[in-house]
Structures are given as structure tokens and as C-alpha cells.
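# Chain and residue survey
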Amino acid sequence: MSGSDGGEDGAIGGEPLLLGVRHHGPGSARAVRAALDAARPRVVLIEGPPEADALIPLAADADMRPPVALLAHAVDEPGRSAFWPLAEFSPEWVALRWALAQDVPARFIDLPATHSLAWGRDTGADEADEAEADAAEAAEAETDTGDGSDGSEGIEEADGAGRIDVRVDPLAVLAETAGYDDPERWWEDVVEHRGGGTGDVFGPFLALEEAMGALRETYGHGGHDKDLVREAYMRLQVRAAQREFRAGVAVVCGAWHVPALRRKASVAADRALLKGLPKVKADMTWVPWTHRRLSRVSGYGAGIDSPGWYGHLFAAPDRPIERWMTKVAGLLRKEDRLVSSAHVIEAVRLAETLAAMRGRPLAGLSETTDAVRAVMCEGSDVPLSLVHDRLVVGDVLGEVPQGAPAVPLQRDLDRAQRRLRLKPEALERELELDLRKEIDAGRSRLLHRLRLLGVAWGEPVASRGSTGTFRETWRLRWEPELAVRVAEAGVWGTTVLAAATAKAEADAVGAPSLADVTALAERCLLAELPDALPVVMQVLADRAALDADVGHLAQALPALVRSLRYGDVRGTDTHALTEVAEGLAERIFVGLPPACAGLDADAAEQIRRHVDAVHGAVGLLGDAAVAAGPAAASPATASPAAASPAMDGTERGAPPLRVRWHSVLRVLCGRESVPGVIRGRAVRLLLDDGELGQDEAARLMGLVLSPGTPPADAAAWIEGFVGGGAGGGMLLVHDERLLGLVDAWLTGVPADAFTDVLPLLRRSFSAYEAGVRRTLGELVRRGPGERAGGGPIGSGAGLPGFATGLDTARADAVLPVVRLLLGLDGVPGHRDADDNDLAGVGG
């Protein structure tokens, strides 16, 4: 190799041994190992941040399992960070492990992270994102296409020649020159499929250096002008190593840098380039990484499409295609697909045949993929996508030893994960929690606290098996970036509990709206932050007292009332929450009727949604108040009309909340100034709660649908009464008087007004289920109010299963079964089998 003379004894001459590699290339990794074995250097210099030199010994720890990454972040701004990912097949990792195994010093020689993280720190807002991306890219030599081609690496020549703005991918240029349209395929044929052999181990590096030299002469820095500074620093570090060790210096770096490191430049010129660089105080540690992150070009990924495939090529001692097909067969068998050894044999033969037809030295990923699709997947891309996700990319998550440096918050999180047996995994999975179990309740608290801190390890999803508040379902996946989020959250405290408490208090003070504060109160209850809840509740009370917008109050109440449900399962004191919720409800009761006057269609629809939300919240609030009240009402006095301390509003002696709310709804349904959609919904809610009789509801509908009401107002009332899919269709099915009123009104709408009311009606009725719409159509076809036998309602048999009155004989027949289900048989003091008041609603 140029500048080195690898003799029989493997010694290196005075010039440094420059080993240009492609980051995360298994072929480069094998070549580096062979070259180091042959050269036996006295020191190994590796492209990477020198602050990580103290962390190099951890690479030999038995608990260190790649993929891992070096993480550097600014101490005063943890979000400003950069990663240096290393996989088992990364040449840098191989060089590190070789140096540690041979007891040879290893050092990182790239620009220090204290400078690379500071790049762009003081730029304007419009350039901040680009500057931070450049800093991360400059600090992270393992990203992009690597080189080989880390494609992002370049240098500006001394005379400025060749400076361009377009970023160059060296692999793509070399592949195109060789007649390939796919850079990855060219790299596989030239490097990855090249046998180890017994030839010149330095030959590949010499050829790659020559190719990169030609590219650098043509393209200069390749669109990455910051490489000039990085390469100047690397040259200084190489010189320092040569002075210290005199000979035997090996350098492992991206092949794009090799021509710049080989070029002669004065020490003064290099130091001049480094003078005045910005600085930040930076911390560095090892963090786990994943193959999935290695496959991403954006962010902190490495930009290789198939890390699982590359890992297989590096680890397979022989017959890589046969071993790969065996892995694929094993995966498909686990998914209950019929794959036999014959499939494996045929897939290997097909892959080798395709490689021969395509003129390739060995079957590559494209040939194996085509063979798997044809033989094992029967031409389907569905199982093939599973192979790509699990094997070609992979869900491998690395591990770092406990002795690696970490912020206190990370250490507390590690302890909590071990205590709760909640291991981070790269593979997405669902976790079912039963909050009645202590360990599951602890897991729930941890996940909710992490979400408050912005560490989105888990996302809550709807439970499939139960809707009770004692059950939660989470979707978990650990991403390497979460290590940065943990470091960022470290400014709030040294433990997860303390940090979540401080963060919740700060978020409450800075919340932009009342609804945000109520949502935060709910999250504090879920995370069980007793120290933060008083602060949040005080902010909530202050905001509610100053906010006169009924819409804001109505938007805040449901989340606040939902929070009351968690007191029973989680053992949280919700007394203060109940008081604030009742105060909010009373203010809504007072302000809602005036707020409903003079609204346009859009505002009326928004208030209608608020009315629905408040109606549900009042029902929950009344139940919670009764359950939490110090003097709960007895069964004899617990009727909705009976006032009790537990159901009082904000003043002693005031009617219960539900009674107060029903009075508000009566006001809304009787005011002509209130839009029809709100009046119709108020009537419907009263009807559903049993506060309005069927006859009265029919009378109100008849008044609204009279000829004197404008068609648009009548259509809006109908939309409020039966629209929204809230059971309105079934109401019309079972009460044909209401359906007859709607039918008679619709047939009498003037032709010029029909097109105006049609969209409203279509919106209302299209929300019904298909069976409801079909039944309504049959009723309208034969005429509402007419029985199937031709007589009017009340004159004979009607629809199957329905009659004019209650069939007591049929009802009594099911009572024994109902009693058995409810466990009432043999209960002392219970009434006999003739009792028709099982639900406590009998006459």
C-alpha cells in the first residue's frame, strides 16, 4: 500500500496505514480485520469524537452487545445531540475490538463533539434546523451511504477548485462508471461478495483510495464544505500519533477522507482552520441502537437498506445463501406457513441461477428476495414483507453495560425497568395491564410519567377485552432517540417521579387554554403525581374563574370529570377535583342559555357537541359525587329530585347537578332564539333521561314541524333530535308517531325549499346503521302509523315482537333466568318470583 510496506513480519513503515472503509459495510469490516492482523500496528486511530476515548474500554465488556451508538449531547441543551452508531459489522467496531483484544491503544480522531455540536448554535431561526442537521451530520461519520461512501464527506481543496453545491454520493458515481444502475448492487459485487482469499490484504484499500482520489479531484468536497475543518483536525491527530509512536500507526476512516489525509498540508494551515471554532460543553456515553434505525437515512440513521442482511453476511462462516434461506424458512414456519426443507433447497438453487443469469459472482439480496417470493411465499408480497421487516432489516436492539455513564434520570429509569420487569425492546408489542395488580399499576405509572416527560416509549391504545378503568393497553417500542429525550428530561429532576412532577407543574403554569389544564390534571391522576396535582388544580381553579367563555368551560369539563373515575382503581384522592368540576358545571349551567342565542349554523353545531359532552360529564359527575360524598344518600332518598350534600352544587341546598342540568335543557328546548339543532338535541336528551314523556316530545316536534316554521329551521331541529347517530334511528323505528310527523312534514316541504333542507337530513340519516335505514325505509314505504295488517296503530298486531302494551306473560318467563344471572335466588328478604321490579323501577 502506498506509504506502507507490509513485509513478512507485518510491520508498518513510517507513513500511516490508511484504511478507507464504508461505514457499516461487512466487507470493509472483514478487510479491516485482515489488514490489522497483517500489519500489527502499535496504535489504531478511528474516525469518531475524541471525547469517547474514555469509553473505549467498555467495548470489551461482556454486557456490551452491538448495535450500539456513542451519544454526545450539549450539557445545557440536551436536545442538541449526535449519534455515532456502530454495528457488529461496522469496520470501526471491528477495529475497536481488535485493538482491545491485542492490548493496542485505540483513539478517536474526528473533530471533537464540543465543536460539532456548537455548529449552528447561534444561527437565526430560519437556519436553525439546517444548521443542527449539519452539525449532527458532521459529528456522525457513520451516517448516509458511508463509503466507503459516507457520501457526505468531502474537502475543499486549498485553491478552492471543484467547490460545488450539490452533494455527491461516491458510491453512485463509481457504480455508474462501472455500468451499474444500483450502487448497493455494485458494492455487493465488488466488495461484499469478494472472498477472503490469501491475496494482498491491503489491495482493496489501495484500489478504493485511488478511486476516491479521482472523485475528489473531480468533485472537491462533494457539497460538504465543513469536511475541510474535520479533516484538518484528523491530520493533526495523525501527526501527533506519529510523533508518539514513530511508526505503526493505522487509521480507520471513511474512504472519502483518505485522499485528504494523504495530502500534505502544513500544521499552521490546519491549525488556522480550527482557530475560533464555537464550543459547547458536551457529555458522551454509550446507548443501545437498533437495526431499524441503521436502515433510516434521515435523522440519526445510517442509511443502509438491509442491516440484517449485512449482519448475516458478516457473521456467516460459510455458505451464506443456504444459511439465509434457513433463517427465512424458520421465520415463516413460526408464522404457521408451510415451508419445508425442499422449499429451502429450491430457493437456494433459484437464487444461484438468478445470480448466474445476471452475471453476479454470488447471489445477493435481490436474488435471494426474488427466490423467497417465488418459492416460499408463492408469489405473494405479504409474507415477503414480514421477511423484510424481521430479517432483512431486523429488530435487534443492542445492550450497554451498567457501568456506562448516564444521567441520573436514566439510571433511575433503568432501576424502574428492572423492578417492573419492563425490558425495552425494538420490536413493537402490545402490553395489557390490569391495574388491580401492583406490578401492572407500577408499569402504568411509569409509562404515564414518561409520556409527561416527552419520552414516548409507549402509547395507550383502546383495550379490546374490556372498557373498565382497571384495564389499560399500551403499544410499546423503544427507539434509540428516546435516550436523548431522557437526557433532555433530566433538567426536571434526577428521578422519574421528581422530573414528572416538576414538568407537570411547569406545564400547568404555561398551558395556553383551560382545556389543556384539565387534560393535564387527568394525566397527573393517571401518572399518580400527588405533589403536582395541587398546583395543577390551583391553576385550573384560577383559569376557570377568569374564563367567561362557555365553550371553553364546556370543553374542559369532560376531561376533568373523566379523571374522577380513576380514584377508585388508583386510590387517588379526587375530592379537590370534584369541587372544581362541580364549580365548572354550575358556571356552564348559568352561562349556556345566553350563549346559545344568535348563533350561525357552524357555531350552533359546535355548541350542540358541547351540550352532548356536558350531558355525559354531568352524569359521571353526579355518580362520582355520590360515591365520594361524606354523607352518601340512602336508597330511599337517592332519587334525582332529592338534594343531598354529596349531590349539591356549589351552594348548600342547591338542587342536584342532574336536576339543575335538566332545568337548563328545558330552558334551551323552549326558547325560540336558540338554534333548532340545539333545541332538538335538548328535547332528545330530556326524552332519553325520562324527564320528558313521549307525548310531550311528539307535541314539541309537531309544533316545530308545523307549516309556520321555516323549512331550514325545522330540518335543523330534526338533525338535533335524531341526528348524530346517537340512537335517533332506533327512536324513529320504535315510535312511529315521531316518524309519521317527520314523514308528513317532509312531504309537505315546498319544492323551492326542499333542496335547502336535503343536505341537513341526509347528514342526519346517513349516520344510521344500514339495518336501521332499511327498517325505516320499510316503515315509510307502507306508511308510518299503519300496521302490517292494514289497520292503524293500536288496532291489532304490529311488527313482530312489538305490541301496543306490555306482554306480562312473556316478561315473567325470563325472570327466573334473570334472577339466576343476578345472583338473587335465595337472597334473604328478597321478594318472590312474582316481583316485576328487578331494576327498582316497578310501579
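Conventions we followed
Residues numbered from 1 in each chain as written. Predicted model: local features only at pLDDT ≥ 70, side-chain atom pairs only at ≥ 80, totals over all residues. Heavy atoms only, no water. Helix = DSSP H or I, 4+ residues; strand = E, 2+ residues; numbered from the N terminus. Contact = heavy atoms within 4.5 Å. Areas by Shrake-Rupley, 256 points an atom, 1.4 Å probe, with all protein chains shown as cover. Pairing = 2+ DSSP bridges. Axes fitted to C-alpha atoms, helices over the stretch in contact; angles between N-to-C directions. Buried < 20%, exposed > 50% of the residue type's maximum accessible area, 1.4 Å probe, protein only. Salt bridge = Lys/Arg side-chain N within 4 Å of Asp/Glu carboxyl O. Parallel < 35°, antiparallel > 145°, perpendicular 65-115°, else oblique. Left-handed = near helix turned anticlockwise from the far one by under 90°. Nonpolar A, V, L, I, M, F, W, Y, C, P; charged D, E, K, R; others polar. Phe/Tyr/Trp six-rings, centres within 6.5 Å; stacked < 30°, edge-to-face > 60°. Expected span 1.5 Å × (residues − 1).

Counting secondary structure elements, the protein chain contains 35 helices and 10 strands. The long-range share in the protein chain, meaning contacts at least 24 apart out of those at least 6 apart in sequence, stands at 74%. Accessible surface, the protein chain: about 38,300 Å² in total, of which carbon and sulfur atoms supply 53%.

The next subject is the sheet that holds strand E10 (residues 471–476). Taken in spatial order, the three strands of this open sheet run E8-E10-E9, and their pairing is antiparallel. If you trace the sheet from one side to the other, it starts and ends with strand E8 (429–434) and strand E9 (458–461), each paired once. Averaged over all pairs of adjacent strands, the angle between their axes in this sheet comes to 30 degrees, without regard to strand direction. When E8 meets E10, the two strands line up antiparallel, connected through six bridges. Pairing of leucine 431 across the sheet is with tryptophan 474, part of E10.

Another aspect to go through is the sheet that holds strand E2 (residues 43–46). Strand order in the open sheet made by the four strands is E1-E6-E2-E5, with parallel pairing throughout. Every interior strand has two partners, whereas the edge strands, strand E1 (17–21) and strand E5 (106–108), have only one. Each adjacent strand pair in this sheet contributes to an overall mean axis angle of 20 degrees, direction not counted. Looking at chain direction, E2 and strand E6 (residues 249–254) are connected through four bridges and run parallel.

Once that is clear, we can look at helix H5 (residues 170–177). Every buried residue of H5 is listed here: Pro170, Leu171, Val173, Leu174 and Ala175. Directly beyond the C-terminal end of H5, a positive phi value near 90 degrees is found at glycine 179.

As a further point, take the pattern of salt bridges. Think of it this way: side chains of opposite charge can pair up when their charged atoms draw near. In this structure the tally under the stated criterion is 43 salt bridges. Two residues, arginine 216 and glutamate 231, come together in a salt bridge whose shortest N-O distance is 3.5 Å. With a gap of 15 residues between them, arginine 216 in helix H7 (residues 203–219) and glutamate 231 in helix H8 (residues 227–245) connect regions that are remote in the sequence. Residue class for glutamate 231 comes out buried when judged on its relative accessible area of 0%. Beyond isolated ion pairs, a larger network of salt bridges with shared partners links Arg358, Arg360, Glu367, Asp370, Arg373 and Asp381.

What follows is about unusual backbone geometry. In this model, proline 66 is joined to proline 67 through a cis peptide bond whose omega is 10 degrees. Along the chain, proline 67 falls in the loop between E2 and strand E3 (68–74). The phi dihedral of arginine 40 is positive, around 50 degrees, even though this residue is not glycine. Unusually for a residue other than glycine, arginine 246 sits at a positive phi of about 65 degrees. As for its position among the elements, arginine 246 is in the loop between H8 and E6.

We now examine the packing of helix H13 (residues 320–334) against helix H15 (residues 365–376). In the contact formed by H13 and H15, the axes pass within 11 Å of each other and the chain directions differ by 45 degrees. Looking at the two axes, H13 sits oblique to H15. As H13 packs across H15, the resulting crossing turns out to be right-handed. Here H13 contributes Ile321, Trp324, Met325, Val328, Ala329 and Leu332 to the contact with H15, which in turn contributes Thr368, Ala371, Val372 and Met376.

Extensive coverage of E3 is indicated by the burial of seven of its seven residues. Pairing analysis gives seven bridges linking E3 to strand E4 (residues 77–86), with the strands arranged antiparallel. Bridging from a neighbouring strand, leucine 70 pairs with tryptophan 84 of E4. Once E3 ends, the chain turns through two residues before running back antiparallel as E4.

Our focus in this paragraph is the packing of helix H27 (residues 657–670) against helix H28 (residues 676–688). Contact geometry of H27 with H28 gives a least axis separation of 8 Å together with a crossing angle of 140 degrees. Here H27 lies oblique to H28, going by the angle between them. Seen along the crossing, H27 lies across H28 with a hand that is left-handed. Where H27 approaches H28, its residues His662, Leu665, Arg666, Leu668 and Cys669 are matched on the opposing element by Ile678, Arg679, Ala682, Val683, Leu685 and Leu686. Each residue belonging to the contact of H27 with H28 can be placed in one class, and the counts come to eight nonpolar, one polar and two charged.

Take the environment of leucine 274 next. Relative to the helices and strands, leucine 274 is located in helix H10 (residues 267–274). Along the sequence, leucine 274 and leucine 228 sit 46 residues apart, while their C-alpha atoms lie 9.7 Å from each other. The residues touching leucine 274, leaving out its near neighbours within four places in the chain, are Leu111, Val229, Tyr233 and Leu236.

What follows deals with the packing of aromatic side chains. Overall, the coordinates contain six aromatic pairs when judged by the stated rule. When the ring of tryptophan 309 is compared with that of tryptophan 324, the centres are 5.0 Å apart and the planes differ by 90 degrees; the resulting orientation is edge-to-face. Separated by 15 residues along the polypeptide, tryptophan 309 in helix H12 (residues 307–315) and tryptophan 324 in helix H13 bring together distant segments of the chain. Both residues of the pair, tryptophan 309 and tryptophan 324, count as buried.

The terminal C-alpha atoms of helix H17 (residues 408–419) lie 17 Å apart, and with 12 residues this matches the ideal 16 Å at 1.5 Å per residue to within 8%. Within the span of H17, buried status applies to Leu409, Gln410, Asp412, Leu413, Asp414, Ala416 and Gln417. Here the buried face of H17 lies against helix H18 (438–452), helix H19 (482–489) and helix H20 (496–510). Of the residues one or two after H17, arginine 421 is the one with positive phi, at around 50 degrees.

Everything listed is a geometric property; what it means functionally is a separate question.
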